[in-house]
Amino acid sequence: MVLEGNPEVGSPRTSDLQHPENQGSCVLSSPSEDAQPGQEPIKYGELIVLGCCEEGGEETEAQRGEVTGPRAHSCYNGCLASGDKGRRRSRLALSRRPHANGVKPDVMHHISTPLVSKALSNRGQHSISYTLSRSHSVIVEYTHDSDTDMFQIGRSTENMIDFVVTDTSPGGGAAEGPCAQSTISRYACRILCDRRPPYTTRIYAAGFDASSNIFLGVENESNVLQDGSLIDLCGATLLWRTPAGLLRAPTLKQLEAQRQEANAARPQCPVGLSTLAFPSPARGRTAPDKQQPWVYVRCGHVHGYHGWGCRRKRGPQERECPLCRLVGPYVPLWLGQEAGLCLDPGPPSHAFAPCGHVCSEKTARYWAQTPLPHGTHAFHAACPFCGAWLTGEHGCVRLIFQGPLD
């Protein structure tokens, strides 16, 4: 499923990824446009995994008090839990290849189903089989297309897959271990990028396997990716960002400058009067430290960690804010570190509820109003940094910091 977006990372429109067409525009390429040695290749765009957390890390001394706070999380907030390695990573930039590897439709065959396996036995010939009925199939043979580059996405770790994606579960954890059954196809989809301006990018259901074949139940329709398109792999959701869209997003240097500026304001805990500070991303997310800001997500009041105000009957994370007496989740604040998920370089003024990831107001309100795929028929707004389902009336809250008394 592809959810198309507008230039501001988009208002979703649903179309079915299980119906891509095999047609692509044939654009003549010029050898002079190929990247010269030493030059940066032309970037078509980037794919970013919308996150899901895994619980881990050690509890702090404060968390071992009367009420244990939430454990630290390692998530797709800028990096996979196990680290970005090779083709398994939280984001992938698609750039023009040194040599085109795209394919385009060539010859179509209408055959009876028993002949399908025989017709697809040529490993050197890319082909797609459509089963139209029990006794009727269509096989489309493909030929090399010098005008496009092809990238394949899926769960398989075979060489033909460019971007290996594993399952994520909203608000839970990444599917791991031998007993975890993946819902993502081994050859989930393929992306074709025109090698000439305007570098149109299209996505198609399924990817070619080791035998250069694809089996589909129905024929496909074309899906042109726009900045902000969401790609549902039925187990993980990818965000497509174009180079123009990424120019509107903050850089990692800007995010770091915002963190330092927020800390330079010396926010204080209104009760303990201790100075609060967002930790450096370089420290990692092993566990909240002593200066970590915590927030009551119902009201937005920011404090340091404390162990009082628990309402055990309402859950281990339910606390009563000492300033306004509202009862709700009490969680540590973490700055969102995946710049490609941000709409603007605005100050970190809002947090998602109930996870506590912090970003600009524009980014928070956008994602809080964007339902993301859940399963095959449901949609639910979720934090783009960790995948936790959003709760409350607005899904995010404005943070209320207290400045230093001096």
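Reading guide: rules and limits
Residues numbered from 1 in each chain as written. Predicted model: local features only at pLDDT ≥ 70, side-chain atom pairs only at ≥ 80, totals over all residues. Heavy atoms only, no water. Helix = DSSP H or I, 4+ residues; strand = E, 2+ residues; numbered from the N terminus. Buried < 20%, exposed > 50% of the residue type's maximum accessible area, 1.4 Å probe, protein only. Phe/Tyr/Trp six-rings, centres within 6.5 Å; stacked < 30°, edge-to-face > 60°. pLDDT = per-residue confidence, 0-100. Contact = heavy atoms within 4.5 Å. 1 Å grid on protein atoms, 1.4 Å probe; cavity = no way out; pocket = protein on both sides within 12 Å on 5 of 7 lines; lining within 4 Å. Points joined across faces, edges and corners; volume = space filled by probe spheres on them. Nonpolar A, V, L, I, M, F, W, Y, C, P; charged D, E, K, R; others polar. Salt bridge = Lys/Arg side-chain N within 4 Å of Asp/Glu carboxyl O. Core = buried A, V, L, I, M, F, W, Y, C linked by side-chain atoms within 4.5 Å. Pairing = 2+ DSSP bridges. Axes fitted to C-alpha atoms, helices over the stretch in contact; angles between N-to-C directions.

(A) A look at the environment of Gln369. Within the element layout of this structure, Gln369 appears in the loop between helix H4 (361-368) and strand E25 (371-374). What makes Gln369 exposed here is its relative accessible area of 63%. Residues Gln369 and Leu390 lie 21 residues apart in sequence; the distance between their C-alpha atoms is 9.9 Å.

(B) Here's a closer look at the packing of aromatic side chains. The full count for this structure, using the stated rule, is nine aromatic pairs. Arranged with centres 6.0 Å apart and planes meeting at 55°, the rings of Tyr44 and Tyr199 form a pair that is tilted. Separated by 155 residues along the polypeptide, Tyr44 in strand E3 (residues 43-49) and Tyr199 in the loop between strand E12 (189-194) and strand E13 (201-205) bring together distant segments of the chain. Take Tyr199: its relative accessible area is 23%, and that puts it in the partly exposed class. In textbook terms, an aromatic cluster arises when at least three aromatic residues are bridged by ring pairs, as seen for Trp294, Tyr296, Tyr305 and Tyr330.

(C) View of the confidence of the model for the protein. For the protein, the average pLDDT comes to 77, and 70% of its residues sit at 70 or higher. Segment residues 3-33: pLDDT under 50, and 105 contacts once partners within four positions in sequence are set aside and those in other chains are kept.

(D) Representation of empty space enclosed by the protein. Evaluation of the coordinates by the stated rule reveals three cavities of 30 Å³ or more. Leu255, Gln258, Gly336, Pro348 and Cys359 are, among the 15 residues lining the second largest cavity, the residues nearest its centre. Among the elements of the structure, helix H3 (252-264) and strand E24 (357-359) are those that each provide at least two residues to the lining of the second largest cavity. In the lining of the second largest cavity, the residues fall into eight nonpolar, six polar and one charged.

(E) Broad picture of the pattern of salt bridges. What the rule picks out here adds up to eleven salt bridges. Glu46 is the partner of Arg91 in a salt bridge, and the nearest nitrogen-oxygen pair spans 2.2 Å. Of this pair, Arg91 sits in strand E6 (residues 91-95) while Glu46 sits in strand E3, and the two are 45 residues apart along the sequence. The exposure class assigned to Arg91 is partly exposed, which follows from its relative accessible area of 24%. When its relative accessible area of 9% is taken as the criterion, Glu46 is described as buried. Residue Arg325 is joined to Glu320 by a salt bridge in which the shortest nitrogen-to-oxygen separation is 3.0 Å. Under the relative-accessibility criterion, Glu320 is labelled buried at 18%.

(F) Summary view of unusual backbone geometry. Here the amide bond leading from Pro197 into Pro198 is cis, since omega sits at 5°, within 30 degrees of zero. Looking at the element boundaries, Pro198 is found in the loop between E12 and E13. Omega for the peptide link from Ala353 to Pro354 comes to 15°, which places this bond in the cis form. Looking at where Pro354 falls in the secondary structure, it is placed in the loop between strand E23 (350-352) and E24. A positive phi angle is found at Cys234, which is not glycine, with a value near 55°. Tracing the backbone shows Cys234 in the loop between strand E16 (230-232) and strand E17 (237-241).

(G) Molecular detail of the nonpolar core. Counting residues in each nonpolar core, the largest one holds 23 residues, and the members touching the most others are Leu50, Leu239, Leu341, Phe352, Trp367, Cys383 and Phe385. Ranked by size, the runner-up nonpolar core spans 21 residues in total, among them Val49, Ala188, Ala236 and Trp240.

(H) Structural detail: the sheet that holds strand E19 (residues 302-303). Overall, antiparallel pairing links the four strands, which are arranged E19-E18-E21-E20 in an open sheet. Of all the strands in the sheet, the pair left with one neighbour each is E19 and strand E20 (318-320). Two elements, E20 and strand E21 (residues 327-332), share three bridges in a ladder whose sense is antiparallel. Each bridged residue has a counterpart across the sheet, and for Glu320 the counterpart in E21 is Val327.

(I) The arrangement of the pairing of E21 in detail. Buried residues dominate E21, accounting for six of its six residues. Across three bridges, strand E18 (residues 294-296) lies against E21 in antiparallel orientation. Across the sheet, residue Val295 finds its bridge partner in E21, namely Val331.

(J) Broad picture of the sheet that holds strand E22 (residues 334-335). Strand order in this open sheet of four strands is E22-E24-E23-E27, and the pairing throughout is mixed. Single-partner strands in this sheet number two, and they are E22 and strand E27 (396-398). Inspection of the sheet shows E23 paired to E27 by three bridges, in the antiparallel sense. Its bridge partner lying in E27, His350 is registered against Arg398. Each of E23, E24 and E27 is contacted by H4, which is oriented at about 30° to E23, the strand it contacts most.

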